[in-house]
Amino acid sequence: MPSLKSDLEWLCVPRSPELEPEALARVRDRLRDELRSMGYAVEEQRLDGDAAPYPNLLARLEGSEDGPLHVVGAHYDSVPASPGADDNASAVAALLHVMRAFAGTRPRTPIVFAAYSLEEYGFLGSREHARSLKAAGASVGGMVSLEMLGYTSAAQDYPPGLGWFYPKEGRFIAAVADWASRPFLARWAEGMRLVEGLDVQTLSAPGAGLILPELRLSDHSPFWDEGYPALMLTDTSFFRNPHYHLPSDTLDTLDLGFLAKVADGVVRALGRVTGLAT
């Protein structure tokens, strides 16, 4: 079975549609092939206009019962000239880890795994997915955006006021939700905390995160906007990682032991919320 590191090695290349469209296309194709090799049928959800060559890659696990589906997604693009190791190859590698763990299983309720395109350009991929689910009348039990999962640091910053309530060192994973998603957040965090040594800190904010705009900066926010429960898992991005959106966001800066615990936490949590023992 491929490791997180082996997946990161092919994911960590500059892959923006502006400067590196060929690299982004190669990553898209490799992702599609990886998902198919696990036995998943892959739907390519096309976007409009210039975004059309970079579809969302969606893979669905049917449930043994009818029920609300759960969505777990991560974006596969980067900003120009950045290898995007933490942002967001770390999350895509975690997504692949989770999908391998669930391949061939039968959860109680359905799961959609999503590799989203063009998050860095206004959440275009996840916005299309959320809108299409809403238009179809889909019931969503919860959506989880995997966003920058692999960086740890002795230093940790916060938005104003939050530093009083959270750890001083950046060695935790944060689970961020809006108030409407608090029940889903509680169940998800409970599952992740089954991983020994994984510190999971939670935060919920009113008004779909509008009071703290930084809390909206990933693929969960289009789901909030459509009224679906959703949360973001993050190492807190630029509040911890000084390489954010820079050429220095490279594989050697990541804490792979921490990333492995986070990925295992996603497996445990997803198993609990979908009725699959893991």
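Residue numbers restart at each chain and count upward from 1, following the sequence in its written direction. This being a predicted model, a pLDDT of at least 70 is required before a residue's local features are given, and a value of 80 or more before pairs of side-chain atoms are given or counted; all residues contribute to the totals for chains, interfaces and linings. Note that water and hydrogens are dropped before the side-chain values are worked out from all heavy atoms of the structure.

J.: Honestly, the side chain of Ser221 in this entry has me stumped. Any pointers?
T.: Here Ser221 is to be found in helix α6 (residues 221–225). A distance of 3.0 Å separates a polar side-chain atom of Ser221 from the backbone oxygen of Ser218. Between two residues, a contact is recorded if the distance between any of their heavy atoms is within 4.5 Å. Aside from chain neighbours lying at most four places away, what touches Ser221 is Phe123 and Arg216. Only DSSP runs of H or I covering at least 4 residues are called helices, and only runs of E covering at least 2 are called strands; the numbering of each starts at the N terminus. Distance and chemistry together define a polar contact, namely a pair of N or O atoms within 3.5 Å, with one atom able to donate a hydrogen and the other to accept it when in protein, and with adjacent residues in sequence counting only for side-chain atoms on both sides.

J.: Hey, could you run me through the sheet that holds strand β6 (residues 173–178) in this one?
T.: Within a sheet, each strand pairs with its neighbour through backbone hydrogen bonds, oriented either parallel or antiparallel. Spatially, 8 strands are ordered β1-β2-β4-β3-β5-β8-β6-β7 in an open sheet, and the strand pairing comes out mixed. A strand with exactly one partner marks an edge of an open sheet, and here the two such strands are β1 (42–45) and β7 (200–205). Mean inter-strand twist for the sheet, computed between neighbouring axes without regard to direction, equals 20°. Running at roughly 150° to β1, helix α2 (residues 21–37) makes contact with β1, β2 (56–61) and β4 (111–116) of the sheet. Axis angles are defined between N-to-C directions and span 0 to 180 degrees, where every axis is a line fitted to C-alpha atoms and, for a helix, only to the segment in contact. This element, helix α3 (residues 85–102), spans β2, β3 (69–75), β4 and β5 (140–147) of the sheet and lies at about 140° to β3. Should DSSP find at least two bridges between two strands, the strands are regarded as paired.

J.: For this particular structure, what's the right way to read the layout of surface pockets?
T.: To find the voids left in a structure, one rolls a probe of water-molecule size over its atoms. In this analysis the probe radius is 1.4 Å and the grid spacing 1 Å, with only protein atoms considered; a cavity is a set of points the probe fits into but cannot get out of, a pocket is an open set with protein on both sides within 12 Å along at least five of seven lines, and lining residues have an atom within 4 Å of a point. Grid points are joined across faces, edges and corners, and a volume is the space filled by probe spheres set on the points. Taken as a whole, the largest pocket spans an internal volume of roughly 390 Å³. Glu214, Met232, Thr234, Thr236 and Phe239 are the residues nearest the centre of the largest pocket, which is lined by 30 residues in total. Where the lining of the largest pocket is concerned, the elements lending two or more residues are β6, β7 and β8 (230–234). With 3 residues, β7 is the largest single contributor of residues to the lining of the largest pocket. Charged residues are taken to be Asp, Glu, Lys and Arg, nonpolar residues to be Ala, Val, Leu, Ile, Met, Phe, Trp, Tyr, Cys and Pro, and polar residues to be all remaining types, Gly included. Across the lining of the largest pocket, the residue classes break down as 16 nonpolar, 8 polar and 6 charged.

J.: Mind showing me how you'd approach the environment of Pro14 here?
T.: Tracing the backbone through its elements, the reader meets Pro14 in the loop between α1 (4–11) and α2. Taking the C-alpha atoms as reference, Pro14 lies 10 Å from Ala89; in sequence the two are 75 residues apart. Ignoring anything within four residues of it in the chain, the contact list for Pro14 reads Glu20, Ala23, Ser78, Ala81, Ser82 and Pro83.

J.: How do you make sense of the side chain of Thr234 when you look at a structure like this?
T.: In this fold, Thr234 is placed in strand β8. A distance of 3.2 Å separates the side chain of Thr234 from the backbone oxygen of Glu147, its partner in a polar contact. A distance of 2.9 Å separates a polar side-chain atom of Thr234 from the backbone nitrogen of Thr236.

Everything listed is a geometric property; what it means functionally is a separate question.
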